[in-house]
Amino acid sequence: MKVHIIGGGNLGVAIAKGLSKFSEGNQITVTRRNTASILYLEELGVTVSTDNKHQIQDADIIILTIKPYQVDTVLAEILPVISNKVIASAVSGLSIENLQNKIGDGNSAVRIMPNIASQFGASATCIAFHEKNKEKAQNTVALFQDLGTAPIIDEKLMDAATVLAASGTAFALRYIRASMQAGIEIGFDWQTALAISAQTVKGAAEMIMEEQVHPEQLIDRVTTPQGCTIAGLNEMEMHGFSSSLIRGIKTSLKQIKG
Ligand SMILES: NC(=O)C1=CN([C@@H]2O[C@H](COP(=O)(O)OP(=O)(O)OC[C@H]3O[C@@H](n4cnc5c(N)ncnc54)[C@H](O)[C@@H]3O)[C@@H](O)[C@H]2O)C=CC1
Ligand SMILES: O=C(O)[C@@H]1CCC=N1
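Please read all numbers here as calculations on a predicted model, not as lab measurements.

Caption draft 1: Representation of the packing of helix H2 (residues 71–78) against helix H3 (residues 96–103). H3 packs onto H2 with a crossing angle of 35° between their chain directions and a minimal axis gap of 10 Å. Handedness of the H2/H3 crossing: right-handed. Taken together, the residues of H3 that come into contact with H2 (itself represented by Val71, Asp72 and Leu75) are Leu99, Lys102 and Ile103. When the residues that make up the contact of H2 with H3 are grouped by side-chain class, the tally is 4 nonpolar, no polar and 2 charged.

Right, here's the structure in full:
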């Protein structure tokens, strides 16, 4: 497939790198106004251009990884030269209806919400589209399945997916950071503490995905009666561990909804 990514920033680059490594048979183009900092992508076989229209007529999928306020400018540039294209937008808060109205009936809007772990083939990319575009959306779904998981969800949950799956990457990293900081206080150097914390999170996530059980069932296997784990967990909860995470996620969602 010919994949045309407009907006070579944090997310656009992560997707381009992920596709070059985990998805076969694609030709990838990434555009950005100033390309100096992403020219190294050419070594991965990615075409880098300052021209959003560069061979866009040949693209099978156009992916938008630009900020919301950049959408109208970019569309004004590309719409005169494209027709019958799938435009997959990762722009947070931009509804399918809104995008479809902007791009007209000649093109098909698909909404995607990847995260930067796309680069490592480990994104949880939620995807939504209108029923009439189901067939046309299949290539996008297949592409993001190569970059991790790609659940199709109801669009009304897309903002929730943004905070759970995209912002969620930052939240999980904060947990790892905090765990590392504690590790330093109890005797490790930061590199060792970080390596142990990250591997422990990876192991916990792998158990959940493998066993498909409620986390508390696995937690029960760790919390030895009268042991150190339950003592630590109870102290964390006393200080609002779960509730602060829940409040943070709900605040992120409010921020998107405006
Ligand atoms: N960073 C993340 O983890 C995620 C971001 N998103 C969404 O993806 C979008 C991009 O986010 P980031 O990558 O974080 O932002 P970013 O600021 O890193 O990337 C945006 C890129 O678009 C480029 N750009 C601006 N105007 C342009 C134009 N006219 N033509 C071509 N390129 C242009 C900028 O130079 C920049 O490199 C946002 O809408 C964000 O909400 C969604 C999921 C995850
Ligand atoms: O922080 C943001 O607004 C974007 C959307 C989700 C991840 N980054």
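Caption draft 2: How the structure looks around the pairing of strand E6 (residues 108–113). Counting buried residues along E6, 6 of its 6 residues qualify, which places the element largely inside the surrounding structure. Going residue by residue along E6, you find Ser108, Val110 and Ile112 tucked away on one face and Ala109, Arg111 and Met113 tucked away on the opposite face as well. The sheet contact formed by strand E5 (residues 86–89) and E6 spans 4 bridges and is parallel. By the bridge assignment, isoleucine 87 is partnered in E6 with alanine 109. For the crossover that starts at E5, traverses H3 and ends in the parallel E6, the hand is right-handed. Relative to strand E8 (residues 126–129), E6 is paired through 4 bridges, and the arrangement is antiparallel. Its bridge partner lying in E8, valine 110 is registered against phenylalanine 129.

Caption draft 3: Summary view of the sheet that holds strand E3 (residues 47–49). In spatial order, the strands read E3-E2-E1-E4-E5-E6-E8; together these 7 strands make up an open sheet with mixed pairing. Where the open sheet ends on each side, the last strands, each with one partner, are E3 and E8. Looking at each pair of strands side by side, their axes are set apart by 20° on average, direction ignored. The strands touched by helix H5 (residues 158–185) are E6 and E8; relative to E6, the strand with the most contacts, the crossing angle is about 35°.

Caption draft 4: The pattern of salt bridges, seen in detail. Going through the model one piece at a time under the given rule, you end up with 6 salt bridges. Where aspartate 72 meets lysine 102, a salt bridge forms, and the shortest distance between an N and an O atom there is 2.8 Å. Here aspartate 72, found in helix H2, pairs with lysine 102, found in helix H3; they are 30 residues apart in sequence, far enough to count as distant. A residue is classified by how much of its surface remains accessible, and aspartate 72, at 48% relative accessible area, is partly exposed. Between aspartate 159 and arginine 111 there is a salt bridge, with the nearest N and O atoms lying 3.1 Å from each other. Remark: arginine 111 occurs in strand E6 and aspartate 159 occurs in helix H5; sequence separation between them is 48 residues. Given the relative accessible area of 15%, aspartate 159 is considered buried. Among the charged side chains, a salt-bridge network with shared partners connects Arg111, Glu155, Asp159 and Lys257.

Caption draft 5: Spatial organisation of the site of ligand 1. Close to ligand 1 lie 22 residues; Asn10, Leu11, Asn52, Ile66 and Lys67 are nearest. One of the backbone nitrogen or oxygen atoms of glycine 9 is found 3.4 Å away from an oxygen atom of ligand 1. Contact distances for ligand 1 include 2.7 Å between an oxygen atom and a backbone N or O atom of isoleucine 66. When isolated, ligand 1 has an accessible area of 810 Å², and the protein chains bury 83% of it.

Caption draft 6: Here's a closer look at the site of ligand 2. Taken together, Thr162, Ala166 and Ser167 make up the full set of residues adjacent to ligand 2. Here ligand 2 loses 39% of its free accessible area of 250 Å² to cover by the protein chains.

Caption draft 7: Expanded view of a nonpolar patch on the surface. Nonpolar side chains collect at one region of the surface, where Tyr175, Met236 and Phe241 lie side by side and expose about 280 Å² of accessible area between them. Mapped onto the elements, methionine 236 comes out in helix H8 (residues 228–238).

Criteria and cut-off values
- Residues numbered from 1 in each chain as written.
- Chains lettered and ligands numbered in written order.
- Predicted model: local features only at pLDDT ≥ 70, side-chain atom pairs only at ≥ 80, totals over all residues.
- Heavy atoms only, no water.
- Axes fitted to C-alpha atoms, helices over the stretch in contact; angles between N-to-C directions.
- Helix = DSSP H or I, 4+ residues; strand = E, 2+ residues; numbered from the N terminus.
- Left-handed = near helix turned anticlockwise from the far one by under 90°.
- Contact = heavy atoms within 4.5 Å.
- Nonpolar A, V, L, I, M, F, W, Y, C, P; charged D, E, K, R; others polar.
- Buried < 20%, exposed > 50% of the residue type's maximum accessible area, 1.4 Å probe, protein only.
- Pairing = 2+ DSSP bridges.
- Right-handed = clockwise from strand over helix to strand, strands pointing away.
- Salt bridge = Lys/Arg side-chain N within 4 Å of Asp/Glu carboxyl O.
- Near = heavy atom within 4 Å.
- Polar contact = N/O pair within 3.5 Å; in protein donor to acceptor, adjacent residues only side chain to side chain.
- Areas by Shrake-Rupley, 256 points an atom, 1.4 Å probe, with all protein chains shown as cover.
- Patch = residues over 30% accessible without salt bridge, like charges linked within 9 Å, V, L, I, M, F, W, Y side chains within 5 Å.

That is the geometry; function is a separate question.
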